[in-house]
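What follows is the residue order along each chain.
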Amino acid sequence: MANRGPVRTNNSALIAMIADEDTITGFLLAGVGNVDLRRKTNYLIVDSKTTVKQIEDAFKEFTTREDIAIVLISQYVANMIRFLVDSYNKPIPAILEIPSKDHPYDPSHDSVLSRVKYLFSTESVASERR
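Before going into details, it helps to say that this report is about the structure given with it. Just so it is clear, the model here is predicted, and its values are computed rather than measured. (Residues numbered from 1 in each chain as written. Predicted model: local features only at pLDDT ≥ 70, side-chain atom pairs only at ≥ 80, totals over all residues. Heavy atoms only, no water.)

## Here's the deal with the sheet that holds strand β4 (residues 94–98)
Next, step 1: Spatially, β2-β1-β3-β4 is the arrangement adopted by the 4 strands of the open sheet, whose pairing is parallel. Looking at the sheet topology across the chains shown, the edges are occupied by β2 (43–45) and β4. Within this sheet the neighbouring strands show an average axis-to-axis angle of 20 degrees, counted without direction.
Next, step 2: Across 5 bridges, strand β1 (residues 14–19) lies against strand β3 (residues 68–74) in parallel orientation. By the bridge assignment for β3, Met17 is matched with Leu72.
Next, step 3: Running at roughly 160 degrees to β1, helix α1 (residues 21–29) makes contact with β1, β2, β3 and β4 of the sheet.
Next, step 4: Lying on the sheet, helix α2 (residues 52–64) is in contact with β1, β2, β3 and β4; it crosses β1 at an angle near 170 degrees. (Pairing = 2+ DSSP bridges. Helix = DSSP H or I, 4+ residues; strand = E, 2+ residues; numbered from the N terminus. Axes fitted to C-alpha atoms, helices over the stretch in contact; angles between N-to-C directions. Contact = heavy atoms within 4.5 Å.)

This is the structure in structure tokens:
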């Protein structure tokens, strides 16, 4: 716990989204959307015209913004930038992979789930040594 940075307790933290149009629309209807004074949004709609570079740029922007606490990313989109998602290791903003309407969820590709499995496997090994 000593190597963790301070966790901000600001009441204005946002949820960012990188997903298909239907998923983004659902979250926007739930009130998650935000547009700041510079006309920057907290979401990126990924469609057939969206380039991998645009997805990478949005991911980098959302993970460095101070006002974002969680980044929701569709798993099929995360697979396009898997190297970035897997190399991200900060606690805030948290990265959560979610299923989308047209692409089924595959737990073997989920970076958070694989980290949790690794954590529990090392803890079980450590507890067996005691």
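## So, the nonpolar core
Next, step 1: With 20 residues, the main nonpolar core has Ile18, Phe59 and Ile73 as its most contacted residues.
Next, step 2: Mapped onto this core, the elements with two or more residues apiece are β1, α2, β3, α3 (75–80) and α4 (82–87).
Next, step 3: A total of 4 residues in this core trace back to one element, the largest contributor, which is α2.
Next, step 4: Counting 6 residues, the second largest nonpolar core, distinct from the first, contains Met17, Ala19, Ile24 and Val32. (Core = buried A, V, L, I, M, F, W, Y, C linked by side-chain atoms within 4.5 Å. Buried < 20%, exposed > 50% of the residue type's maximum accessible area, 1.4 Å probe, protein only.)

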